[in-house]
Amino acid sequence: MQIAVIGAGAAGLTAAYRLVQAGHRVVVYEAQPYVGGRTHSAQFAPGHYLDTGAGWLTSAYTRTLRLFEELGETGRLQPMKASAPSELMIDGKSFIGAGLPRTPAGEHLIPGEERERLRNWLHWLEGYPPLGFRTFNDNETASQHMMPVSPAAERFLFAPMFEGLFAPLSEQSAEFLRSWIAASRARYFQVRDGMDAPWQRIAMHVDVRLNARVEMIRQGGSRLEVVANSVGAAVDGVVVAVPPPQGAAFVTRAIEPRWVAQLNYEHVEYSGQCRLYLAMPGDAPVRIHRRPLPMGRIASVEWQSGSDGAWGACPPGWQWVLVCANEAYNNDLIDLPDFEAIERLWADAAAIVPELPPLRAWKVRHLVKWRHAVPTMAPGHFTRMAAYTRRPPVVFAGDWTHQACIEGAVRSGEAAAEAFGPG
Ligand SMILES: Cc1cc2nc3c(=O)[nH]c(=O)nc-3n(C[C@H](O)[C@H](O)[C@H](O)COP(=O)(O)OP(=O)(O)OC[C@H]3O[C@@H](n4cnc5c(N)ncnc54)[C@H](O)[C@@H]3O)c2cc1C
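As the structure is a prediction and not an experimental result, all values here were calculated from the model. Each residue is numbered by its place in its chain's sequence as written, counting from 1. Per-residue local features of the predicted model are confined to residues with pLDDT of at least 70, and side-chain atom pairs are confined, for both listing and counting, to 80 or more; whole-chain, interface and lining totals are unaffected and use all residues. Side-chain numbers here rest on the full set of heavy atoms in the structure, without hydrogens or water.

Colleague: What is the right way to read the nonpolar core from this model?
Modeller: Considering soluble globular proteins, one finds that nonpolar side chains tend to be buried as a cluster. As used here, the term nonpolar core means buried Ala, Val, Leu, Ile, Met, Phe, Trp, Tyr and Cys residues forming a set that is joined through side-chain atoms within 4.5 Å. Each residue gets one of three labels from its accessible area relative to the maximum for its type: buried under 20%, exposed over 50%, partly exposed in between, using a 1.4 Å probe on protein chains only. Counting 80 residues, the largest nonpolar core has Leu 13, Leu 118, Trp 121, Phe 158, Leu 177, Trp 199 and Val 239 as its most contacted members. Contact definition: two residues touch when any of their heavy atoms are within 4.5 Å. In this view, Trp 121 contacts His 145, Met 146, Val 149, Phe 158, Leu 177, Arg 178 and Ile 181; residues no more than four positions away in its chain are not counted. Ala 284, Val 321, Ala 325 and Leu 333 belong to the second-largest nonpolar core, a separate cluster that totals 27 residues.

Dropping the structure here:
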């Protein structure tokens with residue numbers, strides 16, 4: 001079959017690769033001038049780059065690791081160097097925390113009886129295999145789940161960890177939280193040369209058209225027509241591997257509204273993600289990873305020397321700072337001009353870590369702005385999606401359809417290819 005894959009992120013490229021292996025003829029359409037989607041790395045100089053989206057993989061990503069092994073890419077995996085310990089700052093006072101679940105961070109903040117329940121809960125979670133997101137029994141929010149265990153843990157441990165990256169715990173699925181905590185037992189890796197390097201390798205095996213923005217899919221006799229940059233191409237099937245805000249525009253005009261409507265695109269919410277990365281020569285006098293509590297506009301400020309690694313790589317003898325905005329603030333920043341977002345993030349970071357050198361001193365200033373970032377996973381989300389997303393001739397893939405993060409994208413891509421069977 002002739003199949004079009006829309007989107008050259010982890011999901012689309014995995015789908016395309018598996019489809020080619022199955023004997024199909026495949027063209028991938030990618031709107032950007034590069035592949036990788038939300039694994040994109042900003043390159044500043046040889047050996048100096050920042051993973052702007054995904055920053056790490058875990059040993060729990062079994063399908064992703066198998067794919068990398070097939071591609072000869074596992075040599076790029078290196079143990080994660082970004083800092084694990086964190087400081088919790090409350091009312092101007094900082095508390096040293098530690099990674100979960102070995103020592104629940106901020107124990108001082110959790111009343112005795114809650115601490116005991118939290119320990120039991122973490123012990124119970126040890127029975128969870130760290131194999132990613134499960135969709136069964138997912139009928140409550142993370143807040144509802146944590147309430148009887150430890151409201152203080154929710155506020156002081158999990159909200160700072162998750163709300164900066166995802167969404168308020170009151171909107172997030174409990175299974176999502178449980179899976180993440182369980183996955184923290186896995187080993188974590190960064191990808192040398194940038195998180196997108198393996199996806200660039202996979203793109204060498206498939207026909208990818210860059211700068212090709214798909215505008216619509218429409219019916220053309222017994223086949224489908226994919227229209228990219230106003231040029232149509234006839235195909236037998238389509239894998240839509242773009243997130244809902246982009247995909248909705250052309251999918252809702254696709255040919256089978258009776259089931260496309262059931263996708264409930266509008267129930268998939270995405271939050272913005274804004275981060276400020278700064279780097280300059282010289283060693284950082286301290287190693288800081290500070291999460292202010294109660295959380296305000298900033299989720300965390302990290303300041304380290306290059307040799308300690310970053311979400312990417314910093315040259316030896318350099319120092320770097322990463323400022324991550326908190327969940328709600330991301331949405332305020334996303335529409336501001338870059339210079340203003342940088343100034344605001346900087347001012348907030350300097351209030352949390354006053355020792356930071358002034359903004360003008362930093363040689364590299366890079367604002368990360370994702371408009372289609374990490375999806376909000378409401379309870380039951382994936383269960384609903386599973387029923388609708390894999391029906392040829394139009395099959396959906398992406399982290400929002402199957403399971404979160406890179407592993408979810410890879411699994412969804414493989415499932416999309418399987419839906420078409422052998423070529
Ligand atoms: C800030 C941030 C941090 C993250 N951290 C991690 C992490 O540490 N670990 C982890 O595992 N995951 C992380 N993730 C999630 C991970 O990056 C994603 O789950 C994964 O990359 C999603 O892949 P995808 O293929 O589903 O979607 P995407 O990567 O979004 O790919 C979709 C592609 O479709 C293209 N596209 C859109 N519209 C069109 C169109 N009309 N025509 C053609 N092409 C189009 C886009 O340009 C894009 O390339 C993070 C994400 C963000 C944003």
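Colleague: When you look at the sheet that holds strand E10 (residues 207–209) in this model, what are you seeing that I'm missing?
Modeller: Strand pairing in a sheet relies on backbone hydrogen bonds. The paired strands run either parallel or antiparallel. Spatially, the 6 strands line up as an open sheet ordered E10-E2-E1-E14-E24-E23, and their pairing is mixed. Here the strands that pair on one side only, and so sit at the sheet edges, are E10 and strand E23 (390–391). Strand pairing follows a simple DSSP-based rule, namely that at least 2 bridges must link the two strands. Helix and strand assignments follow DSSP, with helices taken as H or I runs no shorter than four residues and strands as E runs no shorter than two, numbered in order from the N terminus. In the sheet, strand E1 (residues 2–6) pairs with strand E2 (residues 25–29) via 5 bridges, with the strands oriented parallel. The partner of Val 5 across the bridge, within E2, is Val 28.

Colleague: Help me out: how do you make sense of the environment of Pro 358 in this one?
Modeller: The topology assignment puts Pro 358 in the loop between helix H11 (338–352) and strand E21 (364–370). Take Pro 358: its relative accessible area is 37%, and that puts it in the partly exposed class. It is 9.7 Å that separates the C-alpha atoms of Pro 358 and Ala 347, two residues lying 11 residues apart in sequence.

Colleague: Please explain the pairing of E1 as it appears in this structure.
Modeller: Most of E1 is tucked away, with 5 of its 5 residues classed as buried. The β-α-β motif built from E1, the intervening helix H1 (residues 10–21) and the parallel element E2 has right-handed crossover chirality. In terms of strand pairing, E1 meets strand E14 (residues 237–240) through 4 bridges, oriented parallel. Bridge assignment links Ile 3 to a residue of E14, and that residue is Gly 237. For a crossover, the right-handed case is the one in which the path from the first strand over the helix to the second runs clockwise, viewed with the strands pointing away from the viewer.

Colleague: Is there a simple way to explain the pairing of strand E9 (residues 188–191) in this structure?
Modeller: Moving residue by residue along a regular strand, the side chains alternate between the two faces of the sheet. Summarising the sheet, strand E5 (residues 57–58) and E9 pair through 2 bridges and their orientation is antiparallel. Looking at the pairing, Thr 58 lines up with Tyr 188 of E9. Strand direction decides the pairing type here: strand E6 (residues 77–79) and E9, joined by 3 bridges, are antiparallel. Within E9, the residue paired with Leu 77 across the bridge is Val 191.

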